[in-house]
Amino acid sequence: MQDLESVRAKNLAAIAAAVDEVALEALRVAVLGKKGEISLMMRVLGQMTPIERQTAGAPLNALKDEINSALVARKAALADLDLARRLETEWLDVTLSPRPLQQGTLHPVSQVTEEVIAIFADLGFKVAEGPQIETDWYNFDALNIPPEHPARQEMDTFYMARAEGDDRPPNVLRTHTSPVQIRYMAEHGAPCRIIAPGRVYRCDYDQTHTPMFHQVEGLAIDRGISMANLKWVLEEFCRAFFEIEGVELRFRASHFPFTEPSAEVDIRCSWVGGQLKIGEGDDWMEILGSGMVHPKVLEAAGVDSTVFQGFAFGMGIDRIAMLKYGIPDLRAFFDSDLRWLRHYGFATLDMPTIHGGLSA
Ligand code: DAH
């Protein structure tokens, strides 16, 4: 029988020096495997007398247990080492600032359109749309603007070309969103409550005019609707939109072919040091046209004007965007200048609604 102490010392040292699990497993087989060093020594025990076996067996079993424990402990230590090494190399500094994200912005026209829709939705108005290329009947005649009417000239209309020999009146780029009134009533009848935001076109260009701009049309038709309803709806809208509780509107008698009576609506404002402030001061700024829908308009859309009446209004979206957000020049809206878009654009939807409350 070999000297147990030297077997012990040799193997414990080898286990302590094993660098990975593969080496450790090779050692285990070499010592405790079928033909391992200790297994072979165990076999010798079988050939001894019972007395000899008692003295030789106990230390050999103890050594076997000790080596087994050493193997298990070294395996655990190697796993710990491995984990520590990975933690050392695979780390991430979560305090580093992220790479800057290229973020786009919402155009003021989109933002304001969404705000207008949200506020009127709270008041029970649906959104309706119509085509940007209109027949002259929808854009003019149905709205009580016959061919010789001066309003046709005032509108700076863009006419579409007709094919040679086609002498029907030319189609137009719609000069206002009012034709959506006709289309909606003709399709859905009365009663109805809609707003119609969208693009409109007029041949005009200066600081406050561009050939394409945006309007929102409003229409409420029912039995027994009056100017009082119009006034309340517009006041409620302006309070929510401009976020001014005590907003003041002025209804000025005016004329539109498609309404009778007609009113232009001004909002109270002040100009202090070239700075426009809505809701205070002694100045008035025109923001929209409105009135009671003309019976002829109702009839053109197939609505019985002896039963139904209602109000309509038309408002410039770009114009109220300029007023609310202090944007001085309309032309810049459509220049696609990134510096302008980043400055006046909106990062998230910040929508005042009547239910959401006023933030000012
Ligand atoms: N269509 C008019 C324009 O473009 C605005 C307008 C005025 C619309 C009065 C209306 C209204 O519905 O009642 O200038």
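Residues numbered from 1 in each chain as written. Predicted model: local features only at pLDDT ≥ 70, side-chain atom pairs only at ≥ 80, totals over all residues. Heavy atoms only, no water.

K.L.:
Looking at this model, I keep getting lost on the pattern of salt bridges. Mind explaining?
P.N.:
Any two side chains of opposite charge can pair, on the condition that their charged atoms come close. With the rule as written, the count across this model stands at 20 salt bridges. Arg252 is the salt-bridge partner of Asp266, the closest N and O atoms lying 2.8 Å from each other. Highlighted residues: Asp266 in strand β7 (residues 259–272) and Arg252 in strand β6 (residues 249–256), separated in sequence by 14 residues. According to the relative accessible area criterion, Asp266 is buried, its value standing at 2%. The salt bridge involving Arg339 is made with Asp337; its shortest N-O contact spans 2.8 Å. (Salt bridge = Lys/Arg side-chain N within 4 Å of Asp/Glu carboxyl O. Helix = DSSP H or I, 4+ residues; strand = E, 2+ residues; numbered from the N terminus. Buried < 20%, exposed > 50% of the residue type's maximum accessible area, 1.4 Å probe, protein only.)

K.L.:
Can you walk me through the layout of surface pockets in this structure?
P.N.:
To locate leftover empty space, one rolls a probe as large as a water molecule over the atoms. In this structure, the largest pocket encloses a volume near 1400 Å³. Looking at the lining of the largest pocket, the elements with two or more residues in it are α7 (150–154), β5 (212–222), β6, β7, β8 (275–278), β9 (283–293), β10 (309–316) and α11 (317–325). The leading source of residues in the lining of the largest pocket is β9, at seven residues. Approximately 220 Å³ is the volume attributed to the second largest pocket. Together, 15 residues line the second largest pocket, and Val109, Ser110, Thr113, Arg199 and His214 are the ones closest to its centre. If you list the elements that add at least two residues to the lining of the second largest pocket, you get α5 (108–122), β4 (192–201) and β5. Looking at the lining of the second largest pocket residue by residue, the class counts come to seven nonpolar, five polar and three charged. (1 Å grid on protein atoms, 1.4 Å probe; cavity = no way out; pocket = protein on both sides within 12 Å on 5 of 7 lines; lining within 4 Å. Points joined across faces, edges and corners; volume = space filled by probe spheres on them. Nonpolar A, V, L, I, M, F, W, Y, C, P; charged D, E, K, R; others polar.)

K.L.:
What exactly am I supposed to notice about the pairing of β6 here?
P.N.:
For a regular strand, the rule is simple: side chains alternate between the two faces of the sheet. In terms of strand pairing, β6 meets β7 through seven bridges, oriented antiparallel. Its bridge partner being in β7, Phe251 is matched across the sheet by Val265. Connecting β6 to the next strand, β7, in antiparallel fashion are two residues. (Pairing = 2+ DSSP bridges.)

K.L.:
Looking at this structure, how should I read the packing of aromatic side chains?
P.N.:
Any pair of aromatic rings gets described here by the distance separating the centres and the angle formed by the planes. Enumeration over the complete set of coordinates arrives at 11 aromatic pairs. Geometrically, the ring pair formed by Phe120 and Phe313 is stacked, given 5.5 Å between the ring centres and 25 degrees between the ring planes. Highlighted residues: Phe120 in helix α5 and Phe313 in strand β10, separated in sequence by 193 residues. One exposure class covers both Phe120 and Phe313, and it is buried. On the basis of an interplanar angle of 50 degrees and a centroid distance of 5.3 Å, the ring pair of Phe333 and Trp340 is categorised as tilted. Here the two residues Phe333 and Trp340 agree in accessibility, since each one is buried. Three or more aromatic residues joined by ring pairs make a cluster, and in this case those are Phe120, Phe125, Phe237, Phe241, Phe242 and Phe313. The ring of Phe241 has Lys324 sitting right over it, with the charged end atom 4.5 Å from the ring centre. Here the guanidinium or amino end of Arg331 rests over the ring plane of Tyr205, the centre of that ring lying 5.7 Å away. (Phe/Tyr/Trp six-rings, centres within 6.5 Å; stacked < 30°, edge-to-face > 60°. Lys NZ or Arg CZ within 6 Å of the ring centre and 35° of its normal.)

K.L.:
How do you make sense of the site of the ligand when you look at a structure like this?
P.N.:
Surveying the vicinity of the ligand reveals 15 residues, the closest of which are His176, Ser178, Arg202, Gln215 and Glu217. Taking Gln215, its side chain carries an N or O atom lying 2.9 Å from an oxygen atom of the ligand. Take Glu217: an N or O atom from its side chain is 2.6 Å from an oxygen atom of the ligand. Assessed atom by atom at 2 Å from the grid points, the ligand resides in the largest pocket. When residues of the shell around the ligand are traced back to their parent elements, those giving at least two are β5, β9 and β10. Split by residue class, the shell around the ligand holds four nonpolar, nine polar and two charged. (Near = heavy atom within 4 Å. Polar contact = N/O pair within 3.5 Å; in protein donor to acceptor, adjacent residues only side chain to side chain. Sits in = over half its atoms within 2 Å of the grid points.)

K.L.:
What is the right way to look at the domain arrangement of the chain in this model?
P.N.:
The parts lose accessible area when they come together, and the size of an interface is often stated as this lost area. Each assigned domain of the chain is listed here: domain 1 (4–88) and domain 2 (109–347). Taken over C-alpha atoms, the centre of domain 1 sits 92 Å from the centre of domain 2. (Domains from an automatic or database assignment.)

K.L.:
Quick question: what am I supposed to make of the side chain of Thr113 here?
P.N.:
With respect to the element layout, Thr113 can be found in helix α5. Filtering out sequence-adjacent residues up to four positions away, Thr113 remains in contact with Pro197 and Ile317. (Contact = heavy atoms within 4.5 Å.)

K.L.:
In this structure, what is going on with the state of the cysteines? I would like to understand it.
P.N.:
Evaluated as defined, the whole model comprises zero disulfides. Considering cysteine sulfurs only, Cys269 is the nearest to Cys238, which forms no disulfide, with 12 Å between them. Judged by relative accessible area, which is 0%, Cys238 ranks as buried. By relative accessible area, which is 1% here, Cys269 ends up buried. (Disulfide = S-S within 2.5 Å.)

K.L.:
Please clarify how helix α4 (residues 50–89) should be interpreted in this entry.
P.N.:
Side chains of residues three or four places apart in an α-helix project in the same direction, reflecting 3.6 residues per turn. The terminal C-alpha atoms of α4 lie 58 Å apart, and with 40 residues this matches the ideal 58 Å at 1.5 Å per residue to within 8%. Along its length, α4 reaches its greatest deviation from straightness, about 30 degrees, at Ala56, and the proline Pro59 lies no more than four positions downstream. Those residues of α4 that sit buried are Gly57, Leu60, Leu63, Ile67, Ala70, Leu71, Arg74 and Leu78. Against α1 (4–17), α2 (21–32) and α3 (37–46) lie the buried residues of α4. (Expected span 1.5 Å × (residues − 1). Bend = angle between axes of the 7 residues up to and from the residue.)

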